[in-house]
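One letter stands for each residue in the lines below.
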Amino acid sequence: MDSLVVEAEKLLYWQGCQVRVVSPASEPPAPSPGLVGRISGLAPDGCLLLDSAAAQYKLWSGTVCLS
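Each chain carries its own residue numbering, running from 1 in the written order of its sequence. Given that the model is predicted, a residue must reach a pLDDT of at least 70 before its local features are reported, and side-chain atom pairs must reach 80 or more before they are shown or counted; all residues, however, enter totals for whole chains, interfaces and linings. Side-chain measures here rest on the full set of heavy atoms in the structure, leaving out hydrogens and waters.

1. Focus on the nonpolar core
In summary, soluble globular proteins display a tendency toward joint burial of nonpolar side chains. Put simply, the rule reads: Take the buried Ala, Val, Leu, Ile, Met, Phe, Trp, Tyr and Cys residues and link them wherever side-chain atoms come within 4.5 Å; each set so joined is a nonpolar core. Relative accessibility decides the category of a residue: with a 1.4 Å probe and only protein chains considered, values under 20% of the type maximum give buried, values over 50% give exposed, and everything between is partly exposed. Think of it this way: any DSSP run of H or I at least four residues long counts as a helix, any run of E at least two long counts as a strand, and we number them from the N terminus. Two residues qualify as a contact provided that any one of their heavy atoms is within 4.5 Å of a heavy atom in the partner residue.
Val5, Val19, Val21, Leu35, Ile39, Leu42, Leu48, Leu50 and Leu59 together form the largest nonpolar core, which totals 9 residues. When residues of this core are traced back to their parent elements, those giving at least two are strand E1 (18–24), strand E2 (36–42) and strand E3 (48–51). Those residues in contact with Leu59 that lie beyond four places of it in its chain are Pro24, Pro31, Cys47, Leu48 and Val64.

2. Topic: the environment of Val6
For Val6, the position within the fold is in helix H1 (residues 3–10). Exposure remark for Val6: the relative accessible area of 32% places this residue in the partly exposed category. Considering only alpha carbons, one finds Val6 and Cys47, 41 residues apart in sequence, at a separation of 12 Å.

3. Describing the pattern of salt bridges
This is how it is decided: When a carboxyl oxygen of Asp or Glu is within 4 Å of a side-chain nitrogen of Lys or Arg, the pair counts as a salt bridge.
Applying the stated criterion across every chain, the model contains 2 salt bridges. Put simply, Lys10 and Glu7 hold a salt bridge, and the shortest N to O gap is 3.0 Å. Of the two residues, Lys10 and Glu7 are both situated in helix H1; the distance of 3 residues between them amounts to about one turn of the helix. Given the relative accessible area of 58%, Lys10 is considered exposed. On the basis of relative accessible area, Glu7 is assigned to the partly exposed category, the value being 44%.

4. Structural notes on the side chain of Ser52
What counts here: Any pair of nitrogen or oxygen atoms within 3.5 Å is treated as a polar contact; in protein, a donor-acceptor pairing is required on top of that, and neighbouring residues in sequence qualify only through side-chain atoms on both sides.
Here Ser52 is to be found in the loop between E3 and strand E4 (56–59). With relative accessibility at 16%, the residue Ser52 sits in the buried group. From its side chain, Ser52 meets the backbone nitrogen of Ala54 in a polar contact 3.2 Å long.

5. Quick look at the pairing of E2
What counts is decided by this rule: Two strands make a pair as long as DSSP finds a minimum of two bridges between them.
Of the strand pairs in this sheet, E1 and E2 are connected by 3 bridges, and their pairing is antiparallel. Counterpart to Val19 in the pairing with E2 is Gly37. Pairing of E2 with E3 involves 4 bridges; the strand directions are antiparallel. Looking across to E3, one finds that Ile39 is bridged to Leu50.

Structural data, given as structure tokens:
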């Protein structure tokens, strides 16, 4: 993993917390609004990793809130 991603992940405030996707980006395969999952970290390309009961999603941009 890129050292920049490793350093940024240390500052990821809600890592391990359960969140709800409020407004995902429009790029497919964007998770659906209302999806609930835990933030598990950052992908090597820098997007947010969100683990739900069904799958792991990459959130490129959008809005999440604590659920």
